[in-house]
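Observations on the three-dimensional arrangement
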Amino acid sequence: MKKIIYVSIVIIIGLLMISCEKQKPLKTIEDLKAAYNGESTASAKYAKFAEKAMEDSLFNIATLFRAASKAEAIHADNHKKVLEKLAEKIGGPTIGEFVVKTTAENLADAIKGESYEVVTMYPDFIKDGEAESSKDAVKSFTWAFDTEKKHKQFYEKALAELKAGNESTLPNKWFVCPVCGNTYDAGTVKNACDFCKTKKAKFQIFSNV
Ligand SMILES: [Fe+2]
Ligand SMILES: [Fe+2]
């Protein structure tokens, strides 16, 4: 009799574990892992692009790359926190391969990467998160999505000014919200973050002056 009760308990626990597992937002978890690796790669890549711009004495573009590198690291960390909350075991990120070229080519590469995230990746991931009712993931994806739209424009402007020989007219100071990664130049920064309401006093400043 005792044996039957024991076996029954084991079966019930097993069934409960299977039903819990089924409720996990599996597609969203897959997306979070991809975004975690993608943002980590972008952060590492922009840090190297910043070094290259410094070598070329393109200090304003280097500062933009440094600020964007930090923003991508914040996005990666936010995605990781959501995965941890979903009880997913996460090790270090997988950094994808990239090549450092001229600063103009690096900017073009950055624009391509941001475009993919803005046009394809994050819209799809946000839809998946909404379909699986994963609020935390949707928030993390949306903060990154809205930031990447801005990064794309910053890089496009930087490339245009570089080609026109006007690199020195680009912003030399950038602010990054430590909570959502939102990125501002000195002309557009506000007292609180547009996306997450974090106060400006907490923003990380990147400056070449
Ligand atoms: Fe970005
Ligand atoms: Fe923010």
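Right above here is the structure, for reference.
The text that follows walks through the structure, step by step, so that each part is easy to find. Small disclaimer: the values here were computed from a predicted structure and weren't measured.

A word on the side chain of Glu161. With respect to the helices and strands, the residue Glu161 is situated in helix 5 (residues 135-163). You can call Glu161 buried: its relative accessible area is 15%. Not counting residues within four places of it along the chain, the set of residues in contact with Glu161 comprises Asn166, Glu167, Thr169 and Leu170.

Time to look at the side chain of Asn78. Following the sequence through the fold, Asn78 ends up in helix 3 (residues 59-85). According to the relative accessible area criterion, Asn78 is buried, its value standing at 11%. Look past the residues within four positions of Asn78 in its chain and what remains in contact with it is Ser140, Trp143, Val179 and Cys180.

Mapped onto the elements of the fold, Pro25 is located in the loop between helix 1 (2-23) and helix 2 (26-55). On a C-alpha basis, the gap between Pro25 and Leu86 in space is 8.6 Å, while along the polypeptide they are 61 residues apart. Those residues in contact with Pro25 that lie beyond four places of it in its chain are Leu86, Glu132 and Ser134.

For the rest of this paragraph, the subject is the coordination of the iron ion (ligand 1). In this structure, Glu72 (OE), Glu114 (OE), Glu114 (OE), Glu148 (OE) and His151 (ND1) serve as the protein donors to the iron ion (ligand 1), at separations of 1.9 to 2.6 Å. Going along the chain, you hit the donors of the iron ion (ligand 1) in the pattern E-x41-E-x33-E-x2-H. Placement of the pair is Glu72 in helix 3 and Glu148 in helix 5, with a sequence separation of 76 residues. The class of Glu148 is buried, set by a relative accessible area of 0%.

Right, let's talk about unusual backbone geometry for a bit. Although it is not a glycine, Ser57 sits at a positive phi angle of roughly 60°. Relative to the elements of secondary structure, Ser57 occurs in the loop between helix 2 and helix 3. The exposure class of Ser57 is partly exposed, given its relative accessible area of 43%. Here the phi dihedral of Ser133 falls at roughly 50°; this positive angle occurs in a residue that is not glycine. Inspection of the secondary structure puts Ser133 in the loop between helix 4 (103-131) and helix 5. Judged by its relative accessible area of 63%, Ser133 is exposed.

In this fold, Thr102 is placed in the loop between helix 3 and helix 4. Among the residues examined, Thr102 registers a relative accessible area of 40% and is labelled partly exposed. Sequence spacing of Thr102 and Phe49 is 53 residues, and the spatial spacing of their C-alpha atoms is 8.8 Å.

Okay, the nonpolar core next. Counting 26 residues, the largest nonpolar core has Tyr46, Ile61, Phe65, Leu107 and Tyr155 as the members making the most contacts within it. Among the elements that take part in this core, helix 3 stands out by supplying eight residues, more than any other. If sequence neighbours within four positions are ignored, Phe65 has contacts with Tyr46, Phe49, Ala50, Asn106, Leu107, Ala110 and Tyr155.

Time to look at the packing of aromatic side chains. Following the criterion strictly, the structure yields 10 aromatic pairs and no others. Aromatic side chains Tyr46 and Tyr155 sit 5.3 Å apart centroid to centroid with 65° between the ring planes, which places their arrangement in the edge-to-face category. Linking Tyr46 in helix 2 with Tyr155 in helix 5, this pair joins segments that are 109 residues apart in sequence. Residue class for Tyr155 comes out buried when judged on its relative accessible area of 0%. With a centroid separation of 5.3 Å and an interplanar angle of 40°, the aromatic rings of Phe65 and Tyr155 are classed as tilted. With a gap of 90 residues between them, Phe65 in helix 3 and Tyr155 in helix 5 connect regions that are remote in the sequence.

Conventions used here
Residues numbered from 1 in each chain as written. Chains lettered and ligands numbered in written order. Predicted model: local features only at pLDDT ≥ 70, side-chain atom pairs only at ≥ 80, totals over all residues. Heavy atoms only, no water. Helix = DSSP H or I, 4+ residues; strand = E, 2+ residues; numbered from the N terminus. Buried < 20%, exposed > 50% of the residue type's maximum accessible area, 1.4 Å probe, protein only. Contact = heavy atoms within 4.5 Å. Donors = N, O, S within 2.8 Å, 3.2 Å for Na, K, Ca; no water. Core = buried A, V, L, I, M, F, W, Y, C linked by side-chain atoms within 4.5 Å. Phe/Tyr/Trp six-rings, centres within 6.5 Å; stacked < 30°, edge-to-face > 60°.

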